[in-house]
Amino acid sequence: MAYKRQIDRLPIIPADAKKHNVTCHYCIVGCGYHAYTWPMNKQGGTDPDQNAFGVDLSEQQYAESEAWYAPSMYNVVKQDGKDVHLVIKPDADCVVNSGLGSVRGARMAENRRSDKTGTQQQRLEQPMVWRYGTWQPTSWDDALDLVARVTARVIDKENEDDLFVSMFDHGGSAGGYENTWGTGKLYFQSMKVKNCRIHNRPAYNSEVHSTRDMGIGELNYAYEDYGLTDTMFLIGANPLETQSNLFLNHMVPGMRSGARVIIVDPRRTVTVNACEVEAGTDNVLQLPIKSGTDLALFNTLFTYIADQGWVDSDFISASTFQGDVAVEQNEAFPAALGSFEFARQECQMSLAEGAQICGVPEADIVKAAEWIAKPHDDGSRRKCVTAYEKGIIWGNDNYRTVGALVNIALATGNIGREGGGVCRLGGHQEGYYRPSDAHVGRPAPYIDQLIIAGHGKVHHIWANDHYKTTLNASEFKKVYNRRTNMVKEAMDARAGATREGLVDAIVGAIEAGGIFSVNVDIIQSQIGQAAHVILPAVESGEMNLTSMNGERRLRLVEKYMDGPGSAMPDCLIAAGLAQHLERILREDGRDDYADQFQGYDWASEEDAFMDGFNAGNPEVTYERLRAMGNDGVQEPVVGYEDGKLIGTKRLYADGNFDRHGREDKKALFCAGAWRGLEAAGKASQRDSFTFLINNGRANINWQNWFLDKDNDFVSDRFPFPFIEINPDDMAELGLSSGDLVEVYNDVGATQAMAYPTPTARRKETFMLFGAPSGTQGNVINAGVNELILPNYKQTWANIRKISDAPASVRHLSFKSKEFTSV
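These notes cover the structure that comes with them. (Residues numbered from 1 in each chain as written. Predicted model: local features only at pLDDT ≥ 70, side-chain atom pairs only at ≥ 80, totals over all residues. Heavy atoms only, no water.)

**Some details on the overall build of the chain**
Now for step 1: In terms of helices and strands, the chain carries 24 helices and 30 strands.
Now for step 2: Against the 2.2 N^0.38 benchmark of 28 Å for 822 residues, the chain shows a C-alpha radius of gyration of 26 Å, consistent with a compact globule.
Now for step 3: Projected onto its principal axes, the C-alpha coordinates of the chain cover approximately 80 × 70 × 65 Å.
Now for step 4: Here the chain holds 822 residues, and the buried ones make up 64% of them.
Now for step 5: Long-range contacts, defined as pairs at least 24 residues apart, comprise 76% of the intrachain contacts of the chain with a sequence gap of at least 6.
Now for step 6: A total of about 28600 Å² of accessible surface is found on the chain, and carbon and sulfur atoms cover 46% of it.
Now for step 7: Positive and negative side-chain charges of the chain, numbering 82 and 109 respectively, have mean locations separated by a distance of 3 Å. (Helix = DSSP H or I, 4+ residues; strand = E, 2+ residues; numbered from the N terminus. Rg over C-alpha atoms; globule rule 2.2 N^0.38 Å. Buried < 20%, exposed > 50% of the residue type's maximum accessible area, 1.4 Å probe, protein only. Contact = heavy atoms within 4.5 Å. Areas by Shrake-Rupley, 256 points an atom, 1.4 Å probe, with all protein chains shown as cover. Lys, Arg positive; Asp, Glu negative; His and termini not counted. Charge placed at Lys NZ, Arg CZ, Asp CG, Glu CD.)

**Digging into the environment of arginine 697**
Now for step 1: In this structure, arginine 697 sits in the loop between strand 25 (691–696) and helix 23 (712–717).
Now for step 2: The class of arginine 697 is buried, set by a relative accessible area of 17%.
Now for step 3: Arginine 697 sits 270 residues away from glycine 427 along the chain, and the two C-alpha atoms are 9.8 Å apart.

**Concerning the sheet that holds strand 24 (residues 669–671)**
Now for step 1: Taking strand neighbours across the sheet as the criterion, the 3 strands line up as 12-13-24 in an open arrangement whose pairing is antiparallel. In this open sheet, the two strands that pair with only one neighbour each are strand 12 (325–327) and strand 24. Here the strands of the sheet are splayed against their neighbours by 45° on average, with no regard to which way each runs.
Now for step 2: As paired strands, strand 13 (residues 336–338) and strand 24 are joined by 3 bridges and run antiparallel to one another. Paired with leucine 337 across the bridge in strand 24 is cysteine 670.
Now for step 3: The strands touched by helix 13 (residues 398–411) within the sheet are strand 13 and strand 24, with strand 24 carrying the most contacts at an inclination of about 135°. (Pairing = 2+ DSSP bridges. Axes fitted to C-alpha atoms, helices over the stretch in contact; angles between N-to-C directions.)

**Comments concerning the nonpolar core**
Now for step 1: Within the largest apolar cluster, 201 residues are counted, with the highest numbers of intra-cluster contacts made by Leu146, Leu186, Tyr187, Met191, Tyr226, Phe233 and Phe516.
Now for step 2: Discounting residues that sit within four places of it in the chain, leucine 146 has contacts with Val129, Met491, Arg499, Leu502, Val503, Ile506, Phe516 and Val533.
Now for step 3: Counting residues in each nonpolar core, the second largest holds 17 residues, with Ala698, Trp705, Met753 and Leu768 among its members. (Core = buried A, V, L, I, M, F, W, Y, C linked by side-chain atoms within 4.5 Å.)

**Considering the packing of aromatic side chains**
Now for step 1: The final tally for this structure, using the stated rule, is 29 aromatic pairs.
Now for step 2: On the basis of an interplanar angle of 35° and a centroid distance of 4.3 Å, the ring pair of tyrosine 177 and phenylalanine 613 is categorised as tilted. Here phenylalanine 613 lies in helix 20 (residues 613–616) and tyrosine 177 lies in helix 2 (residues 176–190), a separation of 436 residues in the sequence. Each member of the pair, tyrosine 177 as well as phenylalanine 613, is classed as buried. (Phe/Tyr/Trp six-rings, centres within 6.5 Å; stacked < 30°, edge-to-face > 60°.)

**Some details on unusual backbone geometry**
Now for step 1: Geometrically, the link from arginine 442 to proline 443 is a cis peptide bond, its omega value of 5° lying close to zero.
Now for step 2: Within the secondary structure layout, proline 443 lies in the loop between strand 15 (422–424) and helix 14 (447–452).
Now for step 3: Put simply, glutamate 635 and proline 636 share a cis peptide bond, and its omega is 0°.
Now for step 4: Looking at the secondary structure, you find proline 636 in the loop between strand 21 (633–634) and strand 22 (639–641).
Now for step 5: For lysine 763, which is not glycine, the phi dihedral falls at a positive 70°.
Now for step 6: For lysine 763, the location among the structural elements is in the loop between strand 28 (749–756) and strand 29 (764–768).
Now for step 7: One non-glycine residue, isoleucine 788, lies in positive phi territory at about 65°.
Now for step 8: Examined against the element boundaries, isoleucine 788 turns out to sit in the loop between strand 29 and strand 30 (796–803).
Now for step 9: Since its relative accessible area comes to 11%, isoleucine 788 is described here as buried.

**Digging into the side chain of histidine 199**
Now for step 1: Counting through the fold element by element, histidine 199 comes out in the loop between strand 8 (196–198) and helix 3 (209–213).
Now for step 2: Reaching out from histidine 199, the side chain makes a polar contact with the side chain of asparagine 200 at a distance of 3.5 Å.
Now for step 3: Contact partners of histidine 199, with chain neighbours within four places excluded, come to Met167, Phe168, Asp169, His170, His428, Ala463, Asn464 and Thr469. (Polar contact = N/O pair within 3.5 Å; in protein donor to acceptor, adjacent residues only side chain to side chain.)

**Observations concerning helix 11 (residues 362–373)**
Now for step 1: Helix length check: helix 11 (12 residues) gives 16 Å between terminal C-alpha atoms against 16 Å at 1.5 Å per residue, within 8%.
Now for step 2: For helix 11, the full list of buried residues reads Ile365, Val366, Ala368, Ala369, Trp371, Ile372 and Ala373. (Expected span 1.5 Å × (residues − 1).)

**Side note on the packing of helix 7 (residues 294–308) against helix 10 (residues 351–358)**
Now for step 1: Running from N to C, helix 7 and helix 10 point in directions that differ by 160°, and their axes come no closer than 9 Å. The angle between helix 7 and helix 10 falls in the class roughly antiparallel. The crossing of helix 7 and helix 10 is left-handed. Contact residues: helix 7 offers Ala296, Leu297, Thr300 and Tyr304, while helix 10 offers Leu351, Gly354, Ile357 and Cys358.
Now for step 2: A per-class count over the contact of helix 7 with helix 10 returns 6 nonpolar, 2 polar and no charged. (Parallel < 35°, antiparallel > 145°, perpendicular 65-115°, else oblique. Left-handed = near helix turned anticlockwise from the far one by under 90°. Nonpolar A, V, L, I, M, F, W, Y, C, P; charged D, E, K, R; others polar.)

**Re the environment of methionine 108**
Now for step 1: Topologically, methionine 108 is positioned in the loop between strand 4 (82–90) and strand 5 (128–131).
Now for step 2: Taking C-alpha positions, methionine 108 is 7.6 Å from serine 72, a pair spaced 36 residues apart along the chain.
Now for step 3: With near-sequence residues (within four places) excluded, methionine 108 lies in contact with Val22, Cys24, His25, Tyr26, Tyr33 and Ile88.

**Looking at the pattern of salt bridges**
Oppositely charged side chains are able to pair whenever their charged atoms sit close together.
Now for step 1: A full pass over the atoms with the stated rule returns 61 salt bridges.
Now for step 2: Here lysine 78 makes a salt bridge to aspartate 83, at a shortest N to O gap of 3.2 Å.
Now for step 3: Arginine 586 is paired through a salt bridge with aspartate 591; the nearest N and O atoms lie 3.5 Å apart.
Now for step 4: Its relative accessible area of 38% is what places aspartate 591 among the partly exposed residues.
Now for step 5: Three or more residues are tied together by salt bridges with common partners; here these are Arg131, Asp142, Asp145, Arg149, Arg499, Arg583 and Glu587. (Salt bridge = Lys/Arg side-chain N within 4 Å of Asp/Glu carboxyl O.)

**Some details on the state of the cysteines**
Now for step 1: What the rule picks out here adds up to 0 disulfides.
Now for step 2: Just so you know, cysteine 31 is unpaired, no disulfide at all, and the nearest cysteine sulfur is the one on cysteine 27, 6.2 Å from it. (Disulfide = S-S within 2.5 Å.)

**Description of the pairing of strand 2 (residues 32–39)**
Now for step 1: With respect to burial, strand 2 is a largely interior element, 7 of its 8 residues being buried.
Now for step 2: Across 6 bridges, the pairing between strand 1 (residues 18–23) and strand 2 is antiparallel. What sits directly across from asparagine 21, in strand 2, is histidine 34.
Now for step 3: Both strand 2 and strand 4 contribute to a ladder of 7 bridges, which runs antiparallel. Along strand 4, the bridge assignment pairs alanine 35 with isoleucine 88.

**Considerations on the sheet that holds strand 19 (residues 545–548)**
Now for step 1: Judged by pairing direction, the sheet is antiparallel, and its 3 strands sit side by side in the order 19-20-21 without closing on themselves. Of all strands in the sheet, those with a lone pairing partner are strand 19 and strand 21, marking the two edges.
Now for step 2: As defined by bridge partners, strand 20 (residues 553–557) adjoins strand 21 across 2 bridges and the pair is classed as antiparallel. Within strand 21, the position partnered with leucine 554 by the bridge is valine 633.

**A closer look at the pairing of strand 27 (residues 740–744)**
Now for step 1: In this structure, strand 27 lies alongside strand 28, joined through 5 bridges in antiparallel fashion. The partner of leucine 740 across the bridge, within strand 28, is methionine 753.
Now for step 2: The pairing of strand 27 with strand 30 spans 5 bridges and is classified as antiparallel. Along strand 30, the bridge assignment pairs valine 741 with lysine 801.

**Digging into the packing of helix 2 against helix 17 (residues 570–587)**
Now for step 1: Close contact between helix 2 and helix 17 brings their axes to 7 Å; oriented N to C, the two are set at 20°. Compared by their axis directions, helix 2 and helix 17 come out roughly parallel. Along this stretch, helix 2 crosses helix 17, giving a crossing that reads as left-handed. Residues Glu178, Asn179, Gly182, Thr183, Leu186 and Tyr187 of helix 2 touch helix 17, and the partners they reach there are Asp570, Cys571, Ala574, Leu577, Ala578 and Leu581.
Now for step 2: Across the contact of helix 2 with helix 17, the residue classes tally to 7 nonpolar, 3 polar and 2 charged.

Written out as structure tokens, the structure reads:
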């Protein structure tokens, strides 16, 4: 019987099963899958004309046959109100994954809600309102009426500052162009809410301000560039773990064709190990820098490359700003922007100085520079594709660090060319389409700190769980619980009151310091425990949903099943809230304000898509995307010919850079000198506590475990979040494998399960980010950079034993995660 899935045999997919295009909704890679559905009282046969694979299943299939699927790819779900078989299996013809399935994507089917098999019973099914000391189920009209009435009491035309909003900005599971438009139209067009934040950081801002300010969008290459390059330069990223099929289907073939790999990471990861296996140790260079010193490393590389003359002078002359300073450093720009020579002067750092700061030998810095930029023996330019992620995005001095990395790609002409690019690897897929957010300002408000300080009266939360994914989490949770409990107590005290009386009681508690919390999600989240109204949403596959992946590949996921209960797409929830606000404002005689909430008469998610994304991209429709299949089209879409959407393989191939909006279309260099640990409190924490508490993802888990928490396959492997520790450090702490430890410092405490890791450096640990039973954010201080980007990575704390390994972890393996060919 398949492991903990209660399945000992699987039905054959019949030849006439419905076939739907599906993009995996977990990581940004966006692998292609197909969802097959068919009636419960039917299954296919072994003859080729009786099954969806078109092969003779009475014969033994070859090892990598497409004519199979795993138990994790099967479930029984509702479709149009009826039970149907569901299989979601990789699409062998999709250019993204070529039939590969990750440990996350290949479990999409078992992570669907099913009343027959019992999976994902945690899903929210109907709206709930806090009544009689608990959450009571209710109707959409009742729930939205309460939200609208309380919200209308604290906002007014031209003044919505007492409404705080937390909302996703991504594609995939809970986002997409439909849902970002619905929420964006509500809060940025009908209103001008400025006190808002994004799902994984405490302000409404970009994680990559500097590359955009330099003129370069952060997703500018094609995945095929990994197979065309000479060198892969990976920074603050662990792609085998977190973008598995990008690594396996694109990076590995590049290595097998001779590409070298440079990896900048304080920690030896499974990616380092796998690259050494595939490319050979002589072709892999790890630079295990001191945490937070990336900027010094990049400036040293930039200086050395420039001093050697290994720059693309023609590209610099034709496509980058000539002169001195184009943008002065100020509150909105944490470093000046300008010409190559200006940046070279400002960023200058010698090999000796860089090596001393980074803790990397000078010879290794020189080798990295040679692999990145030294011309080939025939004089031709070296191709280098650069990929970075949260290690520097959520690390020290974000603006200058990302800018310094982009400087290297610009100086060597490795943007817009085959085998080049300097790109984020990404977390979620992208699906952002909203009205202008210019009114928010830059720097954007630091929402979590404002809430802690008592600001905000109503808080609308869309697919966010600050309790698991914010910094200074201990303090935030303490204050948020206190403020929301004030409102709950007021609601309990007025049980049985009229609607107007209840709203009066809620507003009275708000004016006394409380906050009214509305949570839109697919499950009951940790922050949702504090909410007063909970609204159930659907996710990818339960609605039609569009988004793009890390090479800007736009696809349509077709709806293949019903959502649970009365749950709705976020865009239609936003529309319903807008309609209730319009009605209530008219009841109050505020007609001018009410008029701003017109235009939400959407009957489906496709209506929201046409109202938003299609209005700006008229070539793109559901019908045309459906015809493009799982390969989709790479944005921006530039036309429609011969029944196909025409896209753009890689950006800036013409040498014109436009992300900054400058008319000259010239790229800018970033003039950001090294200035140490920049966020407040980081240096003193480093000097006061023993262990670096690095953090990140694990392959088997994703994001904040939002569906994995109640999945046996995952929870059996990691019942508790692990913390990787050097065995010698464990011995000093009196720890054995699986013991529970407390991680504590001056801002809070959390817990984890000790995982011995011989490759971990002494006094440097790695802990899972966003885990529900061990929130790493509890020990991260409130320090952010000038543009309110969180510094999750540079955190130090002490560690002590809580208990011996509990019974639930004693069966686990704590072997090394590294692959060996022996």
